[in-house]
Amino acid sequence: SPEAASGGPIGIVRDGDIISINIPENTQITAEMLTLKSISDDSLLADYILDIESVIGMVLTSDVYAGEQITRHRLVRLGEADSAKKTLAYTLHPGMRAMTIFVDVDSGLVNFLKPGNRVDLLANYSHEEVRTSLLDPDVQEVVNLPTTQMLAQNIAILAVGSVMDKAGTAEYTSVTLEVTPEDAMNINAVTWWGDLRLLPRSPLDEEIIQIAPVNQ
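A quick note: this is a predicted structure, and the numbers were derived from the prediction, not measured. (Residues numbered from 1 in each chain as written. Predicted model: local features only at pLDDT ≥ 70, side-chain atom pairs only at ≥ 80, totals over all residues. Heavy atoms only, no water.)

## Observations concerning the overall build of the protein chain
- Scanning the protein chain from terminus to terminus reveals two helices and 12 strands.
- Ordered by position from the N terminus, the helices and strands of the protein chain form the series β-β-β-β-β-β-β-α-β-β-β-α-β-β.
- Looking at the protein chain residue by residue over its 216 residues, the buried ones come to 34%.
- Within the protein chain, contacts between residues separated by at least 24 positions form 61% of all contacts whose residues are at least 6 apart in sequence.
- Summed over all atoms, the accessible surface of the protein chain reaches about 13200 Å², with 54% contributed by carbon and sulfur. (Helix = DSSP H or I, 4+ residues; strand = E, 2+ residues; numbered from the N terminus. Buried < 20%, exposed > 50% of the residue type's maximum accessible area, 1.4 Å probe, protein only. Contact = heavy atoms within 4.5 Å. Areas by Shrake-Rupley, 256 points an atom, 1.4 Å probe, with all protein chains shown as cover.)

## Some details on the environment of Leu 78
- Relative to the assigned elements, Leu 78 resides in the loop between strand S6 (75-76) and strand S7 (97-102).
- Its relative accessible area of 30% is what places Leu 78 among the partly exposed residues.
- In this structure, Leu 78 is in contact with Gln 28, Val 59, Tyr 90 and Leu 92, ignoring residues within four places of it in sequence.

## Considerations on the pattern of salt bridges
- Applying the stated criterion across every chain, the model contains three salt bridges.
- Residues Arg 197 and Asp 195 are paired through a salt bridge, measuring 3.0 Å at the closest nitrogen-oxygen approach.
- Asp 195 sits in the partly exposed class, given a relative accessible area of 33%.
- In this structure, the salt-bridge partner of Arg 201 is Asp 205, at a minimum N-O distance of 3.3 Å.
- By relative accessible area, Arg 201 is classed as buried at 13%.
- Taken together, the salt bridges that share partners define one network made up of Asp 120, Arg 201 and Asp 205. (Salt bridge = Lys/Arg side-chain N within 4 Å of Asp/Glu carboxyl O.)

## Re the side chain of Asn 154
- Position of Asn 154 among the secondary structure elements: in strand S9 (residues 140-164).
- Given a relative accessible area of 16%, Asn 154 falls into the buried group.
- In this structure Asn 154 touches Arg 118, Val 119, Asp 120, Arg 201, Asp 205, Glu 206 and Ile 208, once residues within four positions along its chain are discounted.

## Quick look at helix H2 (residues 181-193)
- Taking 1.5 Å of rise per residue, 13 residues should cover 18 Å, and H2 covers 19 Å from first to last C-alpha, within 8% of that figure.
- Those residues of H2 lying buried are Asp 183, Ala 184, Ile 187 and Val 190. For H2, the angular spread of the buried residues around the axis is 130°, confining them to a single face. More than 90 degrees from the buried face of H2, the exposed residues found are Glu 182, Met 185 and Trp 192. (Expected span 1.5 Å × (residues − 1). Arc of directions from axis to C-beta.)

## Concerning the nonpolar core
- Membership of the largest hydrophobic core comes to 20 residues, with the highest contact counts inside it found for Val 119, Leu 121, Leu 177, Ile 187, Leu 196 and Leu 198.
- Elements that contribute at least two residues to this core include exactly S7, strand S8 (118-132), S9, strand S10 (170-179), H2 and strand S11 (194-200).
- Other than its neighbours up to four places away in sequence, Val 119 contacts Leu 113, Gln 153, Asn 154, Ile 155, Ile 157, Leu 177, Leu 198, Leu 199, Pro 200 and Arg 201.
- Membership of the second largest hydrophobic core comes to 10 residues, among which are Met 33, Ile 49, Val 55 and Met 58. (Core = buried A, V, L, I, M, F, W, Y, C linked by side-chain atoms within 4.5 Å.)

## Quick look at the packing of aromatic side chains
- Across all of its chains, the model carries one aromatic pair by this definition.
- Aromatic side chains Tyr 125 and Trp 193 sit 5.1 Å apart centroid to centroid with 80° between the ring planes, which places their arrangement in the edge-to-face category. Linking Tyr 125 in strand S8 with Trp 193 in helix H2, this pair joins segments that are 68 residues apart in sequence.
- The class for Trp 193 is partly exposed, based on a relative accessible area of 47%. (Phe/Tyr/Trp six-rings, centres within 6.5 Å; stacked < 30°, edge-to-face > 60°.)

## Topic: the side chain of Thr 147
- Relative to the helices and strands, Thr 147 resides in strand S9.
- What makes Thr 147 buried here is its relative accessible area of 4%.
- In this structure, Thr 147 is in contact with Ala 123, Asn 124, Tyr 125, His 127, Pro 213, Val 214 and Asn 215, ignoring residues within four places of it in sequence.

Right, here's the structure in full:
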């Protein structure tokens, strides 16, 4: 018979279904958690699981207790778009963060972007720079320098937030992105003292290019 979580297997599998013992919510299933146990066909719940291998690596969205069957609707696979139906957090890959930015027709290509698309982020901002005066070579002056910079590349869209316009058409006003913590810091900074443009990418293009900022 299966043992407690501290001493042995905490999952049981048999005849096309999966049962577990004391597996807490947000636990990622591993092969070591599963053993075999008989279960009759008339005891199977709807949405039961046939393939044990298909469960490995998936995450429970609720606690499962002794003798309870684990069905498909209680499992998600991290990083997949369908996981957002449970909660946005399950769509994130380890080490990544979800960040929402507000967009308009110019910055966000309203109604052209969808969850699962990938974009590059272009930042427009101004910064101060000390330069030699054109009128007097002996004078140093501070100039406000408009700059465009490629801020982040190949960023996944997790979700779009929509509102209804006056004509009753749904248009989104925000886009939620999957970013690294460093990208999140850079994006947040630009939203304070500049603006962003989203550039859609081909789903076949994952290349990260090196490109210098452009100054006016």
